[in-house]
Amino acid sequence: MDTGLGRKFLKMNNAMNRLSVTLVAICVLAIIAAIVWIGYNMKDDSVKLGFSDKIDNTPTIVEQMKEIGQWEFLAISDEELVDTVRTGFFSDDELVRIYYGTLRIGIDFSQCDENWIEREGDSIKIDLPPVQLLDENFLDEARTKSFFEKGKWSNADRKAMADRAKRKMRERCLTKQNMDLAQKNAERQVNLFVRMITGKQ
């Protein structure tokens, strides 16, 4: 009798173990599926927010986003050394200057078209425009220094050097990696902002 009860207990224990393993496997698969779904839906540059109420928040969002104007999502500081040499009859003239600048990457919402934010059923879809350099005048002229100067140089010569410095800064800072990082920051921060102004935390 005791042996029979022991066998029944072992069978029940084995069944419970198999059930536990099955439930764990189902939970793991569900988590993996959720992660894959989230990753797939975050590939584009749009932000979708769900709402259960009947109030159309779109005009309010558009107005407040445009009031922001330019929204910076990444700022990169850089310094460049630029030199130029002018060959003379007796000697060469040389000018070496150090330029400083901060490149601000973001979105100018005042330039967005009317269809960048729309309501789709019970959700709001925001198609974010690509991030861009917000200000072309990113050189800090006050911090520009002459590292070495020999000879006479005109304002046109100095402007040409400043233009070279700007080109070098753009090449160094406006990389695909930095632009992608700014775009991801934009998606995250705009998502949080819209949820805040609509009361959907």
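Residues numbered from 1 in each chain as written. Predicted model: local features only at pLDDT ≥ 70, side-chain atom pairs only at ≥ 80, totals over all residues. Heavy atoms only, no water.

Draft legend 1. Inspection of the overall build of the protein chain at higher detail. On a plain count of helices and strands, the protein chain comes out with 4 helices and 7 strands. Element order for the protein chain, N to C, with α for helix and β for strand: α-β-α-β-β-β-β-β-β-α-α. Scored against the burial criterion, the 201 residues of the protein chain give a buried share of 29%. Approximately 13800 Å² of the protein chain is accessible, and the part contributed by carbon and sulfur atoms is 56%. (Helix = DSSP H or I, 4+ residues; strand = E, 2+ residues; numbered from the N terminus. Buried < 20%, exposed > 50% of the residue type's maximum accessible area, 1.4 Å probe, protein only. Areas by Shrake-Rupley, 256 points an atom, 1.4 Å probe, with all protein chains shown as cover.)

Draft legend 2. Region of interest: helix α3 (residues 155-173). Here α3 spans 27 Å end to end across 19 residues, near enough to the 27 Å set by a 1.5 Å rise per residue. Every buried residue of α3 is accounted for by M161, A162, A165, M169 and C173. Down the axis of α3, the buried set is contained in an arc of 100°. They therefore lie on one face. Exposed residues pointing more than 90 degrees away from the buried face of α3 are listed as A156, K159 and E171. (Expected span 1.5 Å × (residues − 1). Arc of directions from axis to C-beta.)

Draft legend 3. Just the pairing of strand β3 (residues 93-108), in detail. Here β3 lies mainly inside the structure; 13 of its 16 residues are buried. Of the strand pairs in this sheet, strand β2 (residues 70-86) and β3 are connected by 16 bridges, and their pairing is antiparallel. Bridging from a neighbouring strand, D83 pairs with V96 of β3. Between the end of β2 and the start of β3, which pair antiparallel, lie 6 residues. Where β3 and strand β7 (residues 145-150) come together, 5 bridges link them in antiparallel fashion. Each residue of the ladder has a partner; that of V96, found in β7, is F148. Pairing analysis gives 2 bridges linking β3 to strand β6 (residues 132-133), with the strands arranged antiparallel. Bridging across to β6, G106 finds its partner in Q132. (Pairing = 2+ DSSP bridges.)

Draft legend 4. Expanded view of the packing of aromatic side chains. Per the counting criterion, the structure on display carries 3 aromatic pairs. When the ring of W71 is compared with that of F109, the centres are 6.1 Å apart and the planes differ by 55°; the resulting orientation is tilted. Placement of the pair is W71 in strand β2 and F109 in the loop between β3 and β4 (117-120), with a sequence separation of 38 residues. Taken individually, W71 and F109 each receive the classification buried, so the pair is uniform in this respect. Joined through ring pairs, the aromatic side chains of W71, F73, F109 and F193 make up one cluster. When the ring centre of W153 is taken as origin, the NZ or CZ atom of R86, which lies over that ring, is 4.1 Å away. Across the ring face of F138, the terminal group of K166 is positioned such that the distance to the ring centre comes to 5.6 Å. (Phe/Tyr/Trp six-rings, centres within 6.5 Å; stacked < 30°, edge-to-face > 60°. Lys NZ or Arg CZ within 6 Å of the ring centre and 35° of its normal.)

Draft legend 5. Focus on the environment of Q189. If you trace the backbone, Q189 turns up in helix α4 (residues 176-198). It is 8.4 Å that separates the C-alpha atoms of Q189 and F73, two residues lying 116 residues apart in sequence. For Q189, the contacting residues outside a window of four places in its chain are W71 and F73. (Contact = heavy atoms within 4.5 Å.)

Draft legend 6. Looking closely at the nonpolar core. Of all hydrophobic cores here, the largest spans 32 residues; its most connected members are Y99, I107, F109, I126, L128 and V190. Of all the secondary-structure elements, those providing two or more residues to this core are β2, β3, β5 (123-127), α3 and α4. (Core = buried A, V, L, I, M, F, W, Y, C linked by side-chain atoms within 4.5 Å.)

Draft legend 7. Structural context of the confidence of the model for the protein chain. Averaged over the protein chain, the pLDDT score is 75; the fraction of residues at 70 or greater is 65%. Per-element averaging of pLDDT across the protein chain places strand β1 (residues 46-50) at the bottom with 44 and β6 at the top with 96. Confidence drops under a pLDDT of 50 for residues 28-55, and excluding neighbours within four residues, the segment shows 37 contacts in the predicted structure. (pLDDT = per-residue confidence, 0-100.)

Draft legend 8. Layout of the side chain of D93. Note that D93 resides in strand β3. D93 sits in the buried class, given a relative accessible area of 18%. Not counting chain neighbours up to four residues away, the residues in contact with D93 comprise T84, V85, R86, K150, G151, K152 and W153.

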